[in-house]
Amino acid sequence: MESFSLGGGNAAAVAGSNVASIQDKAERIRDVIRYIKKFKNAAVVIHIDDRVIDSQLFSNHIRDISLIHEAGLRVIIVPGAHQMIDDILTKHGIQWKIKDGARITPPEAMPLIKTAAFDVSNAVMTSLAGEHLTAVIGNWVRARGKGVLSGIDYGSAGEIDRIDDSTLQTVLDNGFIPIFPCIGWSLNGKPYNISSVQLANQLSIHIKADKLFYLLPNAELSEKYFNIPSEIGLSSDGCIPAMNVKELDSFLSVNKKPDKSKFNTSENKNLDKDFFENIISMVKLAKKAVTSGVTRVHILNGSLEGTLPCEIFSDLGSGTMIYYSNYGKFRAMRREDIPAVLSLIRPFVVKKILLPRTEEMLEATYNDYIVYELDGAVRACAALHIYDRTQAEIAGVAVDKSCAHIGIGPKMIEYLIEKARTISIKSVFILTTQTADWFEKLGFVSDTIDSLPEERRKLWNPKRGSKPYRLEI
């Protein structure tokens, strides 16, 4: 079946634009509904850097946290106090140093550290109260001193010994939001300063959280700041939307130290001197979490309004998600996927990149198709039509525009090529009018219509003028 268009001039164009706009809005709404259903009652740990708490956007983030809570997610907040502790110790003339993520201070610093930690937690609790939410600041963390390691006395720096999860569960069951200050207590009530980022990480592992968020100022895993391995897909603005553990290891291997060519630019030279190390540290903590049972970890730019709901309720979100498995996958198409596939290919039909498919056509050929499923939604499709035992056609290739930059298309072609190879197909071909360059990049070379199987030649329309490209496998 050849593609066609209705007449009507500008009026038809405007109508088509309105339809496309409505379809886009509808798809976004469907995403939100799908994710609300998926994450209802999910445990979510949110670490908020105190520089974000001290920013003008903090009230917006609190409003978003309120909406997330009202959507049925079970929210736990771990506020950071690093900057506030720096400030209060400096004000009182107390020296300190950081070693392996722990703050080493003299004994007289501990009352001041407690004051800073609880001031930050109280600021979060007060803001949540402004959204008519009840939060509880608790002493749910039992800690022990780090002691003396390699000759270094860590003083009041502590390590997490145990988390009182039974009390925590009661607080969550009552619909309250627990707030964890970066203080732990020993069995005899002695306070210790513990790292809030480590606390958020260990807490999420302990409760097997569905999500752990790190909300940091200017946090962005992008090619602007980091070297990106070729196998990691990027969004249209050059950011990493998601990485699995294998990709994460590749990322760390090429970012062992800052790339001076990136950080000496006028745009980046004013970043916090610890920016690179802080982000790398978060990535390493994310790996520890997802390999210990946390479903997903998200590193978000707290300098952007709306980053939390965008990350939770959309496929590619607004930051970088790190996961172990069970995010995106290729699978065989099923009958119930037909409406989603028709919706997916429609924009490509309008642009005359693909020929139209009807529900009846997909009903007859759905066994030839694979789809890429992202969190339960079909975001890409392609078919492998076998004409004889030596050659097959790859057709109906479509990737949702929201996923167009993350490398799904090439991976889908590789998947079908491997499928063809396993059944001893010698070569695969495609027919295209507008995507020749894309397929040539994947190794396909120009071919002739005469080389096609007779059955496929009969379907070829010279008026459309599709050109064949072939890949020997």
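This section reports on the structure supplied with the text. All values reported here derive from a predicted model rather than from experimental measurement.

## Considerations on the overall build of the protein chain
So, step 1. Helices and strands together make up the secondary structure of the protein chain, namely 16 helices and 23 strands.
So, step 2. For the protein chain, the spread of C-alpha atoms along the principal axes amounts to about 85 × 45 × 45 Å.
So, step 3. When burial is assessed residue by residue, the protein chain has 48% of its 473 residues classed as buried.
So, step 4. By sequence separation, contacts in the protein chain at least 24 residues apart represent 71% of the contacts at least 6 residues apart.
So, step 5. Accessible surface for the protein chain amounts to roughly 23,200 Å². Of this, 51% is attributable to carbon and sulfur atoms.
So, step 6. Of the charged side chains in the protein chain, 57 are positive and 56 negative; the average position of the first set lies 2 Å away from that of the second.

## Overview of the sheet that holds strand 22 (residues 445-446)
So, step 1. In space, the 7 strands of this open sheet follow the order 17-18-19-20-21-23-22, with mixed pairing throughout. Looking at strand neighbours, the two that pair on one side only are strand 17 (328-332) and strand 22, the edges of this open sheet.
So, step 2. Contacts between helix 12 (residues 338-350) and the sheet are confined to strand 18 (369-374), strand 19 (377-386) and strand 20 (391-399), with strand 19 contributing the most and set at about 85° to the helix.

## Topic: helix 7 (residues 196-206)
Because an α-helix completes one turn every 3.6 residues, residues spaced three or four positions apart along the sequence face the same direction.
So, step 1. With 8 of its 11 residues buried, helix 7 lies for the most part within the structure.
So, step 2. Within the sequence span of helix 7, burial applies to S196, V197, L199, A200, N201, L203, S204 and I205.
So, step 3. Measuring from the side-chain oxygen of the N-cap residue of helix 7 to the backbone nitrogen of V197 gives 3.4 Å; that N-cap residue is S195.
So, step 4. Once helix 7 ends, the next one or two residues include K208, with phi positive near 50°.

## So, the nonpolar core
So, step 1. The biggest cluster of nonpolar side chains holds 51 residues, and the ones touching the most others in it are F180, Y214, F251 and V283.
So, step 2. The element best represented in this core is helix 10 (residues 275-290), accounting for 10 residues.
So, step 3. Those residues in contact with F180 that lie beyond four places of it in its chain are I76, I77, V78, P79, W140, V141, I163, L168, L199 and L203.
So, step 4. A71, I94, A109 and F313 belong to the second-largest nonpolar core, a separate cluster that totals 43 residues.

## Points about the packing of aromatic side chains
So, step 1. Summed over all chains, the structure comprises 15 aromatic pairs.
So, step 2. Ring geometry for F263 and F276: centres 6.1 Å apart, planes at 90°, overall edge-to-face. In this pair, F263 is assigned in helix 9 (residues 260-263) and F276 in helix 10, connecting sequence segments 13 residues apart.
So, step 3. Between K146 and the ring centre of Y154, over which it is positioned, the NZ or CZ distance is 5.3 Å.

## Some points on the pattern of salt bridges
So, step 1. Under the counting rule described, the total for this entry stands at 23 salt bridges.
So, step 2. A salt bridge links R334 to E336, with the shortest nitrogen-to-oxygen separation between them at 3.1 Å.
So, step 3. We classify R334 as partly exposed; its relative accessible area is 38%.
So, step 4. Shared partners join several salt bridges into a network, and the residues in it are R144, K146, E159 and D161.

## Points about unusual backbone geometry
So, step 1. For H132, which is not glycine, the phi dihedral falls at a positive 65°.
So, step 2. Relative to the elements of secondary structure, H132 occurs in the loop between helix 5 (110-130) and strand 5 (135-137).
So, step 3. Owing to a relative accessible area of 74%, H132 belongs among the exposed residues under this scheme.
So, step 4. Even without being glycine, K208 reaches a positive phi, approximately 50°.
So, step 5. With respect to the secondary-structure elements, K208 resides in the loop between helix 7 and strand 13 (211-216).

## Thoughts on the packing of helix 8 (residues 245-253) against helix 10
Between two packed helices, both the angle of their axes relative to each other and the distance between the axes serve to describe the pair.
So, step 1. Orientation of helix 8 relative to helix 10, taken along the N-to-C sense of each, is 155°, at an axis distance of 11 Å. As the angle between them shows, helix 8 and helix 10 are arranged roughly antiparallel. As for the relative orientation of helix 8 and helix 10, their crossing is left-handed in sense. Taken together, the residues of helix 10 that come into contact with helix 8 (itself represented by V245, L248, D249, F251 and L252) are I280, V283, K284, K287 and V290.
So, step 2. When the residues that make up the contact of helix 8 with helix 10 are grouped by side-chain class, the tally is 7 nonpolar, no polar and 3 charged.

## Observations regarding helix 10
So, step 1. End to end, helix 10 covers 23 Å across 16 residues, agreeing with the expected 22 Å (1.5 Å per residue, within 8%).
So, step 2. Listed in full, the buried residues belonging to helix 10 are F275, F276, I279, I280, M282, V283, L285, A286, A289 and V290.
So, step 3. Each element contacted by the buried residues of helix 10 is listed here: helix 7, strand 13, helix 8, helix 9, strand 15 (296-301) and strand 16 (320-323).

## Quick look at the packing of helix 3 (residues 58-70) against helix 5
So, step 1. The contact between helix 3 and helix 5 brings their axes to 10 Å, and the two run at 60°. Taken together, the axis directions place helix 3 and helix 5 in an arrangement best described as oblique. Remark: the crossing between helix 3 and helix 5 carries right-handed chirality. The residues of helix 5 that touch helix 3, namely those facing F58, I62 and I65, are A123, V124, S127 and L128.

## Here's the deal with the pairing of strand 18
So, step 1. Most of strand 18 sits inside the fold, with 6 of its 6 residues counted as buried.
So, step 2. Covered by surrounding structure in strand 18 are Y369, V371 and E373 together with I370, Y372 and L374, the residues of both alternating faces.
So, step 3. In this sheet, strand 18 lies alongside strand 17 in antiparallel orientation, the contact comprising 5 bridges. Each residue of the ladder has a partner; that of F330, found in strand 18, is Y372.

Parameters at a glance
Residues numbered from 1 in each chain as written. Predicted model: local features only at pLDDT ≥ 70, side-chain atom pairs only at ≥ 80, totals over all residues. Heavy atoms only, no water. Helix = DSSP H or I, 4+ residues; strand = E, 2+ residues; numbered from the N terminus. Buried < 20%, exposed > 50% of the residue type's maximum accessible area, 1.4 Å probe, protein only. Contact = heavy atoms within 4.5 Å. Areas by Shrake-Rupley, 256 points an atom, 1.4 Å probe, with all protein chains shown as cover. Lys, Arg positive; Asp, Glu negative; His and termini not counted. Charge placed at Lys NZ, Arg CZ, Asp CG, Glu CD. Pairing = 2+ DSSP bridges. Axes fitted to C-alpha atoms, helices over the stretch in contact; angles between N-to-C directions. Polar contact = N/O pair within 3.5 Å; in protein donor to acceptor, adjacent residues only side chain to side chain. Core = buried A, V, L, I, M, F, W, Y, C linked by side-chain atoms within 4.5 Å. Phe/Tyr/Trp six-rings, centres within 6.5 Å; stacked < 30°, edge-to-face > 60°. Lys NZ or Arg CZ within 6 Å of the ring centre and 35° of its normal. Salt bridge = Lys/Arg side-chain N within 4 Å of Asp/Glu carboxyl O. Parallel < 35°, antiparallel > 145°, perpendicular 65-115°, else oblique. Left-handed = near helix turned anticlockwise from the far one by under 90°. Nonpolar A, V, L, I, M, F, W, Y, C, P; charged D, E, K, R; others polar. Expected span 1.5 Å × (residues − 1).

As far as function goes, none of this settles anything; it's purely spatial.
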